[in-house]
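Observations on the model geometry
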Amino acid sequence: MSEQNIALRETVRERYAAAAVQVAEGGTACCGPQAIEVDENFGGTLYAAEERDQLPAEAVAASLGCGNPIAVAELNEGDRVLDLGSGGGIDVLLSARRVGSTGKAYGLDMTEEMLALALANQKKAGATNVEFLKGTIEAVPLPANTVDVVISNCVINLSVDKPAVFAEMFRVLTPGGRVGVSDVVADDSLTPAQRAERGDYVGCIAGALSFAEYRQGLEAAGFTDIAITPTHAVADGMHSAIVRATKPAATAETGRADTTCCATGAPEAKANAAASGCGC
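Rules and cut-offs
Residues numbered from 1 in each chain as written. Predicted model: local features only at pLDDT ≥ 70, side-chain atom pairs only at ≥ 80, totals over all residues. Heavy atoms only, no water. Phe/Tyr/Trp six-rings, centres within 6.5 Å; stacked < 30°, edge-to-face > 60°. Helix = DSSP H or I, 4+ residues; strand = E, 2+ residues; numbered from the N terminus. Buried < 20%, exposed > 50% of the residue type's maximum accessible area, 1.4 Å probe, protein only. Lys NZ or Arg CZ within 6 Å of the ring centre and 35° of its normal. Polar contact = N/O pair within 3.5 Å; in protein donor to acceptor, adjacent residues only side chain to side chain. Contact = heavy atoms within 4.5 Å. Salt bridge = Lys/Arg side-chain N within 4 Å of Asp/Glu carboxyl O.

Structural notes on the packing of aromatic side chains
As enumerated under the stated definition, the model contains 2 aromatic pairs in all. Relative to Tyr214, the ring of Phe166 lies with its centre 5.4 Å away and its plane at 50 degrees, an arrangement referred to as tilted. Of the two residues, Phe166 is situated in helix H6 (residues 162-172) and Tyr214 in helix H8 (residues 211-221); the sequence distance between them amounts to 48 residues. A relative accessible area of 2% means that Phe166 is categorised as buried. Here the guanidinium or amino end of Lys247 rests over the ring plane of Phe170, the centre of that ring lying 5.0 Å away.

Structural data, given as structure tokens:
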């Protein structure tokens, strides 16, 4: 990883560590935690009131997403769900309710402070079908073919190696598994420099892919049935969007070695793939 990418990742980690500490400290105050200050395009207000009311206040206050992936992920009883960049745990806890006792919800985050907040929220919510993992979304610490659904809320745009993220999503999904994420996506007409003019990297703007780049990245990883639907503007030419895609079920029927587990990109992603027993 280049020095620039290392610095970007550390900037992202510091931003979200500070947000977790702010929420945790607010939770000890007389009036409870206050939501992280974001505009109307981001945060817990994008969830329905009945969803917010089901959860610890700290989980809602720590939400910094640009959408509500639970509303589009079509979760079913018994599903196994992975939330990339799970933060304070809002989407993991909501997923856990949807999939029930026979399902499971994993949350993955690289920030110690967010993981500590999420574990505290899990305890308050009494969720037993939940597991929070420490790691990066470019190197998911789960074996191949582990989950039925991958969700994420405005996190993939923060990655410094998006091809590795898409490859890992594909690897951990079971054949026929699906993606339902919310993310910031740029108009195809905007150059990377123009995206950076509209907001910084840690603010989920400068690192966003265009619609065409997002589709190409998912296709290169092996996904099909790709749909990228804008929901609302977050800056000029920048949109919160719902991203859906499917891992083809046919990969389980080819009779050849399943190369879906052959992770690319980050070295740690390749190590995770090898550890999961892939014959690549």
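A word on the side chain of Arg195
Tracing the chain through its elements places Arg195 in helix H7 (residues 192-198). A polar contact is formed between the side chain of Arg195 and the backbone oxygen of Ala208, at a distance of 3.0 Å. For Arg195, the contacting residues outside a window of four places in its chain are Ala186, Leu190, Ile205, Ala206, Ala208, Leu209, Ser210, Glu213 and Met238.

What about the pattern of salt bridges?
Overall, the coordinates contain 7 salt bridges when judged by the stated rule. Between Glu112 and Lys134 there is a salt bridge whose closest N-O contact spans 2.7 Å. Of this pair, Glu112 sits in helix H5 (residues 112-125) while Lys134 sits in strand E3 (residues 130-134), placing them 22 residues apart in sequence. Arg195 serves as the salt-bridge partner of Glu213, at 2.9 Å between the closest nitrogen and oxygen. With Glu213 in helix H8 and Arg195 in helix H7, this pair connects stretches of sequence that are 18 residues apart. With a relative accessible area of 4%, Arg195 lands in the buried category.

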